[in-house]
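One letter stands for each residue in the lines below.
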Amino acid sequence: MSVRDHRIHQEAVALWLAVFGPPAPPNVDGGTMLEIITRDLPGPRYDRICSPHLRPSAITRPRRSDDQAGS
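J.: Any chance you could break down the overall build of the protein chain for me, citing the residues and the numbers?
T.: Per the secondary structure count, the protein chain includes three helices and zero strands. From first element to last, N terminus to C terminus, the protein chain shows the α and β order α-α-α. Accessible area of the protein chain: about 6,400 Å², with a carbon and sulfur share of 55%.

J.: With reference to specific residues and values, describe the environment of Glu35.
T.: Looking at the element boundaries, Glu35 is found in helix H2 (residues 30-38). Between the alpha carbons of Glu35 and Ala12 there is a distance of 9.5 Å; along the sequence they are 23 residues apart.

J.: Any chance you could break down the pattern of salt bridges for me, citing the residues and the numbers?
T.: This model, assessed by the stated rule, comprises one salt bridge. Residue Arg4 pairs with Asp5 through a salt bridge whose shortest N-O separation is 3.7 Å. The exposure class of Asp5 is partly exposed, given its relative accessible area of 37%.

J.: Explain H2 residue by residue, including any values.
T.: Within H2, the full set of buried residues consists of Gly30, Met33 and Ile37. The arc that holds the buried residues of H2, viewed along the axis, is 60°, so those residues lie on one side.

J.: Hey, could you go over the packing of aromatic side chains for me, with residue numbers and the actual values?
T.: Here the structure, examined in full by the defined rule, presents one aromatic pair. On the basis of an interplanar angle of 50° and a centroid distance of 4.5 Å, the ring pair of Trp16 and Phe20 is categorised as tilted. In this pair, Trp16 and Phe20 both sit in helix H1 (residues 3-20), four residues apart, roughly one turn of the helix.

J.: Give a detailed account of H1, specifying residues and quantitative values.
T.: The terminal C-alpha atoms of H1, which comprises 18 residues, lie 25 Å apart, in line with the 26 Å expected from a rise of 1.5 Å per residue. Looking one or two residues beyond H1, the residue adopting positive phi is Gly21, at roughly 80°.

J.: Can you explain the confidence of the model for the protein chain? Please cite residues and give values.
T.: Of the residues in the protein chain, 79% have a pLDDT of 70 or more, and the chain-wide mean is 81. When the elements of the protein chain are averaged for pLDDT, helix H3 (residues 65-69) gives the smallest value, 58, and H1 the largest, 93.

J.: Talk me through unusual backbone geometry; I want residue IDs and the actual numbers.
T.: Pro22 connects to Pro23 through a cis peptide bond whose omega is -5°. Topologically, Pro23 is positioned in the loop between H1 and H2. Of note, Asn27 is a non-glycine position whose phi angle comes to about 60°, a positive value. In this fold, Asn27 is placed in the loop between H1 and H2.

Rules of the game
Residues numbered from 1 in each chain as written. Predicted model: local features only at pLDDT ≥ 70, side-chain atom pairs only at ≥ 80, totals over all residues. Heavy atoms only, no water. Helix = DSSP H or I, 4+ residues; strand = E, 2+ residues; numbered from the N terminus. Areas by Shrake-Rupley, 256 points an atom, 1.4 Å probe, with all protein chains shown as cover. Salt bridge = Lys/Arg side-chain N within 4 Å of Asp/Glu carboxyl O. Buried < 20%, exposed > 50% of the residue type's maximum accessible area, 1.4 Å probe, protein only. Arc of directions from axis to C-beta. Phe/Tyr/Trp six-rings, centres within 6.5 Å; stacked < 30°, edge-to-face > 60°. Expected span 1.5 Å × (residues − 1). pLDDT = per-residue confidence, 0-100.

Structure (structure tokens):
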């Protein structure tokens, strides 16, 4: 395990313990643990991108479910 992977694993275990309490899942890498922890987080509450480097026509957003219903 690289130093980077080890640090990610340590951070993921600490976050797991803070969110779910013990025990953290054994033999699961840090990336997978972070994916499990963040899987059910709500999406962002905004739909606005402000950047002086992007034209509005260059911004693509995912379609919302109510937009798809009308199609």
